[in-house]
Amino acid sequence: MQFDVIIIGAGAAGLMCAATAGRRGRKTLLLDHAAKLAEKIRISGGGRCNFTNVNARFDCYLSDNPHFCRSALAQYTPQDFIDLLDRHGIGYHEKKLGQLFCDEGSERIIAMLAEECEAAGVERRMGVAISSVASREGGGFALEASVGGLACESLVIATGGLSIPQIGATPFGYQVAEQFGLPVTRLSPALVPLTFHVEDAETFAPLAGVSLDVEARVGKARFRENVLFTHKGVSGPAILQVSSYWEPGMELTLDLLPATDAEAWLEERAGSEQLIANAMAEHGWPKRFAEAWLERQGFAGRLKDLVPKRRKQLAESLHNWRIKPNGTQGYKKAEVTRGGVSTKALSSKTMMANEAPGLFFIGEVVDVTGWLGGYNFQWAWSSGHVAGMNC
Ligand SMILES: Cc1cc2nc3c(=O)[nH]c(=O)nc-3n(C[C@H](O)[C@H](O)[C@H](O)COP(=O)(O)OP(=O)(O)OC[C@H]3O[C@@H](n4cnc5c(N)ncnc54)[C@H](O)[C@@H]3O)c2cc1C
């Protein structure tokens with residue numbers, strides 16, 4: 001049971017790393033405790049896997065060191081993954097904003113990665129529990145696993161983050177990092193719906209299902225996408241994006257008319273008999289939302305009743321609606337975990353731990369968190385490839 005490379009975690013990063021290492025002629029074992037391969041790929045992108053983003057650049061990632069991901073992203077680019085799909089004859093399409101989805105669904109991506117591993121001679125074992133990891137005298141690592149003792153020269157940790165524990169997420173990777181003295185940054189759910197305080201929830205819970213085009217802002221982060229009102233708070237791509245920047249106590253600001261100068265629009269209609277709530281339909285607002293929102297902001301009646309000062313106030317509220325979420329929906333609903341194994345402890349060129357030769361960390365377990373839209377898979381492919389070339 002001696003291998004050149006053992007990779008723990010057969011998700012996106014682990015599969016890419018295994019195929020790359022195997023192709024280099026390394027005797028590679030890929031292990032996972034789950035029964036099914038790559039469940040996160042399977043459920044990703046609504047079953048269609050948003051496998052990359054053509055605009056993936058270092059500044060689309062959050063990390064204590066935002067420059068850390070540059071090297072891996074340059075060594076294995078979105079085009080490299082697209083070329084891989086082309087070689088397998090797999091079709092894809094761009095939905096929006098550079099987001100590429102698989103025409104045939106996520107299963108095809110999993111099958112492609114499994115084929116790549118097989119062609120590279122990778123041995124893969126599912127349903128394997130690892131009870132301990134230790135370094136061996138003279139180099140390398142020894143593992144105690146449910147299949148017996150295992151040994152390897154290089155050990156790659158690709159166990160992902162904490163999100164969606166119901167399909168196998170564990171803190172295993174962070175625990176191994178700590179065991180080897182590598183720091184782990186603060187962890188929090190990211191790309192996650194935000195929840196409302198009781199008083200906001202009472203107003204907006206009945207509006208669950210309403211979706212609007214907004215610009216969402218948290219601190220300096222701003223994203224123009226849709227917001228979706230839910231029974232518990234707000235979700236939708238605009239909210240998931242800013243949630244990665246949100247900290248407890250921070251305000252969320254929504255520009256509810258991002259394409260319009262609200263004051264000028266209200267001025268144009270200053271003499272109108274129309275109810276303000278009805279006029280909002282011009283901007284795609286459902287009436288029930290317009291009525292509830294306007295009432296909450298203290299506006300009612302007809303457009304002609306708005307004196308200039310009130311018009312200004314309404315315009316200000318429309319462009320800068322401030323909400324103070326009281327939390328997130330947590331790891332059960334988060335697409336990713338923000339934070340992870342500190343980039344300070346890793347080489348950005350190889351993903352190897354600086355102080356633990358032969359030990360690598362890749363994918364989401366590392367403190368590199370991408371935006372929504374294919375960026376996280378690109379990080380998994382890039383970091384997996386880089387480690388695969390060096391382990
Ligand atoms: C609902 C949802 C949709 C998503 N959609 C997209 C999308 O469309 N595009 C995108 O870019 N990103 C998407 N993501 C994020 C993306 O899935 C992850 O960032 C990516 O899968 C991370 O890859 P990874 O290999 O690091 O971890 P994972 O893919 O999570 O793989 C980790 C593997 O490690 C295994 N493991 C964990 N603990 C242990 C242990 N103790 N012992 C052995 N094995 C272990 C797990 O079973 C798993 O197979 C989505 C996430 C979710 C939850």
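Remember, predicted model here, so these are calculated numbers, not experimental data.

What counts, and at which threshold
- Residues numbered from 1 in each chain as written.
- Predicted model: local features only at pLDDT ≥ 70, side-chain atom pairs only at ≥ 80, totals over all residues.
- Heavy atoms only, no water.
- Salt bridge = Lys/Arg side-chain N within 4 Å of Asp/Glu carboxyl O.
- Buried < 20%, exposed > 50% of the residue type's maximum accessible area, 1.4 Å probe, protein only.
- Helix = DSSP H or I, 4+ residues; strand = E, 2+ residues; numbered from the N terminus.
- Contact = heavy atoms within 4.5 Å.
- Core = buried A, V, L, I, M, F, W, Y, C linked by side-chain atoms within 4.5 Å.
- Pairing = 2+ DSSP bridges.
- Axes fitted to C-alpha atoms, helices over the stretch in contact; angles between N-to-C directions.

Draft legend 1. Expanded view of the pattern of salt bridges. Counting across every chain of the model gives 22 salt bridges. Arginine 57 serves as the salt-bridge partner of aspartate 59, at 2.8 Å between the closest nitrogen and oxygen. For aspartate 59, a relative accessible area of 37% puts it in the partly exposed group. We note a salt bridge from arginine 296 to aspartate 200, for which the minimum N-O separation is 2.4 Å.

Draft legend 2. Up close: unusual backbone geometry. Here the phi dihedral of cysteine 49 falls at roughly 55°; this positive angle occurs in a residue that is not glycine. Here cysteine 49 shows up in the loop between helix 2 (39–43) and strand 3 (50–53). At leucine 97, a residue that is not glycine, the phi angle is positive and equals roughly 50°.

Draft legend 3. Structural detail: helix 11 (residues 287–297). Taken residue by residue, helix 11 has Phe289, Ala290, Ala292, Trp293 and Leu294 as its buried positions. On the buried face of helix 11, the contacting elements are helix 7 (198–204), strand 13 (211–218), strand 14 (221–229), helix 10 (276–279), helix 12 (308–319) and strand 17 (321–323). Glycine 298, located one to two residues past helix 11, shows a positive phi value of around 85°.

Draft legend 4. Layout of the nonpolar core. Counting 85 residues, the largest nonpolar core has Phe81, Leu143, Phe361 and Trp381 as the members making the most contacts within it. The dominant element in this core, judged by the number of residues it contributes, is helix 1 (residues 12–23), at eight residues. Not counting residues within four places of it along the chain, the set of residues in contact with phenylalanine 361 comprises Ile157, Gly173, Val176, Ala177, Leu182, Val341, Leu346, Met351 and Val366. Counting residues in hydrophobic clusters, the runner-up holds 44 residues, among them Leu207, Leu212, Val242 and Leu256.

Draft legend 5. Summary view of the sheet that holds strand 3. Across the sheet, three strands lie side by side as 3-6-5; this open sheet has antiparallel pairing. Strand pairing shows two members of the sheet lacking a second neighbour, strand 3 and strand 5 (92–94), which therefore form its edges. In this sheet, neighbouring strand axes are inclined to one another by 30° on average, regardless of whether the strands run parallel or antiparallel. Of the strands in this sheet, strand 3, strand 5 and strand 6 (99–102) are in contact with helix 4 (residues 78–87), which crosses strand 3 at around 140°.

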